[in-house]
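Secondary and tertiary structure notes
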2 protein chains.
Amino acid sequence: MDPRPTAVQAPIHLRIADDIRMQIERGELEPGASLPTLAELAARWSCSMNSTRAAIALLKAQGLITSGRGKAPTVRIQPRKVIRSSERHQVEKDLVLKSEADRAGIGEAETNLGISIDNQRFTSRYDQIAAGEMAGIFGINPNDLLLRRCYEATDPMAGLRLSWSVSYMPVALIESNPALLDERNEPWPGGTMHQLSTVGIEIMRVVDEVTARMPTTVEAQTWGLSNGIPLVFCRRISIDGGGRVVEISDADYPADRTELHFVTPLKAWPKSRRKPSQHGL
Amino acid sequence: MDPRPTAVQAPIHLRIADDIRMQIERGELEPGASLPTLAELAARWSCSMNSTRAAIALLKAQGLITSGRGKAPTVRIQPRKVIRSSERHQVEKDLVLKSEADRAGIGEAETNLGISIDNQRFTSRYDQIAAGEMAGIFGINPNDLLLRRCYEATDPMAGLRLSWSVSYMPVALIESNPALLDERNEPWPGGTMHQLSTVGIEIMRVVDEVTARMPTTVEAQTWGLSNGIPLVFCRRISIDGGGRVVEISDADYPADRTELHFVTPLKAWPKSRRKPSQHGL
DNA sequence: GAGTGGTCTAGACCACTGT
DNA sequence: CAGTGGTCTAGACCACTCC
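So, here is what we can say about the structure in this document. Every value quoted in this text rests on a predicted model; they were computed, and no experiment measured them.

**What to know about the interface of chain B and chain A**
- In this assembly, 70 residues from chain B lie in contact with 70 residues from chain A.
- Contact between chain B and chain A buries roughly 6000 Å² in total, counting both sides, with carbon and sulfur atoms accounting for 56%.
- At the boundary of chain B and chain A, one finds 0 salt bridges.
- For the pair chain B and chain A, the interface holds 24 residue pairs in polar contact (both at pLDDT 80 or more).

Dropping the structure here:
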């Protein structure tokens with residue numbers, strides 16, 4: 001019944017890759033250590049160099065190693081992860097009540113990354129688009145206008161992207177304060193929460209929707225991602241007291257240097273609750 | 001100064017892959033549609049079939065297409081995403097107060113996936129290990145024992161993994177109820193929240209730490225993942241009223257069929273707050 | 001300059017899909 | 001069965017690193 005008569009020998013490049021992966025997991029190859037050269041692997045496994053190339057390519061695609069011309073492949077060194085916590089939502093909301101001096105320099109720009117504000121080149125770009133497919137989330141018509149704000153921070157030295165996000169807000173909600181429609185007012189002290197407060201909107205709930213995907217070739221270049229590193233995609237939906245969706249913000253985070261934290265406080269059980277029934281034993 | 005005299009022509013396989021990717025993004029190639037064969041691509045781009053293979057392999061590694069022997073590669077069809085919301089934490093906590101009848105069938109097993117409970121084969125395995133590197137998070141000694149509980153659900157028809165998680169709890173915290181140490185009591189009606197309640201522990205805060213990584217070859221097989229699909233990794237840390245870490249739970253989610261939702265309620269501004277100062281204009 | 005990995009070719013064999 | 005993609009080889013040229 002089983003189409004395979006016995007266990008079929010796995011392809012040579014998979015066996016080579018698996019062997020190296022196990023050496024890495026066992027710690028025999030430490031981060032930063034050099035792997036055998038393609039020629040050495042080919043000799044050891046009695047196969048062509050193209051097969052060893054395929055094995056190395058697979059490990060690169062899995063994010064385990066890095067390689068480049070002229071030098072042996074090395075075990076990938078995990079960069080320190082930057083933590084981005086959902087507690088920031090409350091912090092940003094509280095900031096609205098502070099003085100402009102306190103809010104200064106806490107615009108959308110600086111909140112995106114926890115490191116070296118001085119070494120970031122920050123750009124923001126505003127335009128207006130039809131809501132289209134996003135109309136359903138906002139509960140508006142597809143022809144209604146959204147203000148689209150694109151934010152990007154790059155490292156001017158390396159030319160690499162450090163953060164990226166796109167924000168959408170219905171123009172009808174905010175046009176009573178024309179300053180909100182003008183990108184020349186970026187960076188806005190206090191960020192989006194304060195911007196919305198100027199038109200009487202208070203965010204009461206934030207929903208973060210998280211998934212991941214592989215970057216395209218150009219995205220990998222833009223972020224300076226080595227092969228095999230996914231992008232974590234987070235869509236933040238901000239909702240006001242009336243349950244109205246006010247803002248949607250999409251952001252990408254490189255998985256090798258980012259960890260998203262979400263804190264969920266739970267309501268206490270009533271003091272007078274009956275003791276839960278035992279189970280088992 | 002620039003080492004590149006002019007723009008260097010990108011490698012042929014990247015140009016082919018990029019061309020196909022743009023066709024997909026523009027909608028000229030719909031999900032499920034067949035791509036040109038390797039031979040057709042080779043003829044169209046005047047290159048060898050191995051180069052077209054490399055292009056197809058790259059698109060597979062980026063999760064855009066699927067391919068297999070004997071048939072043309074096709075544009076990947078995105079499976080419907082299962083939503084796993086952090087609001088479940090509160091739901092599970094509330095469940096502890098319900099009757100055993102209400103709690104029945106809501107163990108760790110069924111909470112992992114939102115679909116077809118009948119078609120899951122569920123396994124759980126308990127053992128005890130030294131805390132080791134996790135001691136720091138729990139605030140215990142590395143030699144102290146942790147109860148490790150491994151949960152896995154598989155589709156008995158396809159033989160594929162549907163969910164997977166590992167939970168760690170200090171044995172010292174729960175050994176006063178020996179039933180908690182015995183895997184034969186799985187599935188426990190009401191799940192971990194109820195188990196902890198039997199030893200007087202109430203979870204007051206849950207922190208979810210989220211990142212992503214590429215699966216290894218065997219993980220891709222186990223989950224039935226096609227190439228280029230990352231695994232979203234979520235570490236859930238459960239904390240009681242005294243700020244003590246009570247449980248750590250690690251889980252993987254296939255990024256192509258999972259979306260993690262995190263809801264953050266925000267505290268209201270005081271009614272008497274001063275009007276925020278305007279900005280710009 | 002020697003050695004490395006990256007790119008690319010031509011060609012072979014095999015497993016699998018369709019008809 | 002013909003046609004497809006998957007695997008694999010041998011060999012070439014190039015860009016890059018290190019000595």
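Back to the text.
**Looking at the sheet that holds strand 10 (residues 258-265) of chain B**
- Taken in spatial order, the 8 strands line up as 4(A)-5(A)-6(A)-9(A)-8(A)-7(A)-10(B)-3(B) in an open sheet, and their pairing is mixed. Each end of this open sheet is capped by a strand with a single partner; those strands are strand 4 (121-130) of chain A together with strand 3 (82-85) of chain B. Pairwise comparison of adjacent strand axes, ignoring direction, gives a mean angle of 20° for this sheet.
- Bridging between strand 8 (residues 231-240) of chain A and strand 9 (residues 245-254) of chain A involves 9 bridges; their strand directions are antiparallel.

**Points about the packing of aromatic side chains**
- Under the definition given, this model contains 3 aromatic pairs over all chains.
- Both rings, one in B:Phe122 and one in B:Tyr151, keep their centres 5.9 Å apart while their planes meet at 20°; by these two values the pair is stacked. Of this pair, B:Phe122 sits in strand 4 (residues 121-130) while B:Tyr151 sits in strand 5 (residues 145-155), and the two are 29 residues apart along the sequence.
- Take B:Phe122: its relative accessible area is 25%, and that puts it in the partly exposed class.
- It is A:Lys93 that lies over the ring of B:Trp269; its NZ or CZ is 5.3 Å from the centre.

**Quick word on the packing of helix 1 (residues 12-25) of chain A against helix 3 (residues 49-61) of chain A**
Residues and elements named next belong to chain A.
- Two numbers describe how helix 1 lies on helix 3: the axes approach to 8 Å, and their chain directions differ by 50°. Our classification of the angle between helix 1 and helix 3 gives oblique. Crossing of helix 1 over helix 3 shows right-handed handedness. Contacts between helix 1 and helix 3 involve Ile 12, His 13, Leu 14, Ile 16, Ala 17, Ile 20 and Arg 21 from the former and Ser 51, Thr 52, Ala 54, Ala 55, Ile 56, Leu 58 and Leu 59 from the latter.
- For the contact of helix 1 with helix 3, the per-class residue count stands at 10 nonpolar, 3 polar and 1 charged.

**Some remarks on the protein's contact with DNA strand C**
- Within the structure, DNA strand C sits among 22 residues, and A:Ser67, B:Ile12, B:Ser48, B:Asn50 and B:Ser51 are positioned closest to it.
- Restricting the count to atoms of DNA strand C within 4 Å of the protein gives a sugar and phosphate share of 66%.
- The separation between a sugar or linking oxygen of DNA strand C and a polar main-chain atom of A:Gly68 is 3.4 Å.
- Measuring from a phosphate oxygen of DNA strand C, one finds a backbone N or O atom of B:Ile12 at 2.6 Å.
- Contributions of two or more residues to the surface near DNA strand C are made by helix 3, strand 1 (65-68) and strand 2 (71-75) of chain A together with helix 1 (12-25) and helix 3 (49-61) of chain B.

Quick notes on the rules
Residues numbered from 1 in each chain as written. Chains lettered and ligands numbered in written order. Predicted model: local features only at pLDDT ≥ 70, side-chain atom pairs only at ≥ 80, totals over all residues. Heavy atoms only, no water. Contact = heavy atoms within 4.5 Å. Buried area = accessible area lost by both parts, 1.4 Å probe. Salt bridge = Lys/Arg side-chain N within 4 Å of Asp/Glu carboxyl O. Polar contact = N/O pair within 3.5 Å; in protein donor to acceptor, adjacent residues only side chain to side chain. Pairing = 2+ DSSP bridges. Helix = DSSP H or I, 4+ residues; strand = E, 2+ residues; numbered from the N terminus. Axes fitted to C-alpha atoms, helices over the stretch in contact; angles between N-to-C directions. Phe/Tyr/Trp six-rings, centres within 6.5 Å; stacked < 30°, edge-to-face > 60°. Buried < 20%, exposed > 50% of the residue type's maximum accessible area, 1.4 Å probe, protein only. Lys NZ or Arg CZ within 6 Å of the ring centre and 35° of its normal. Parallel < 35°, antiparallel > 145°, perpendicular 65-115°, else oblique. Left-handed = near helix turned anticlockwise from the far one by under 90°. Nonpolar A, V, L, I, M, F, W, Y, C, P; charged D, E, K, R; others polar. Near = heavy atom within 4 Å.

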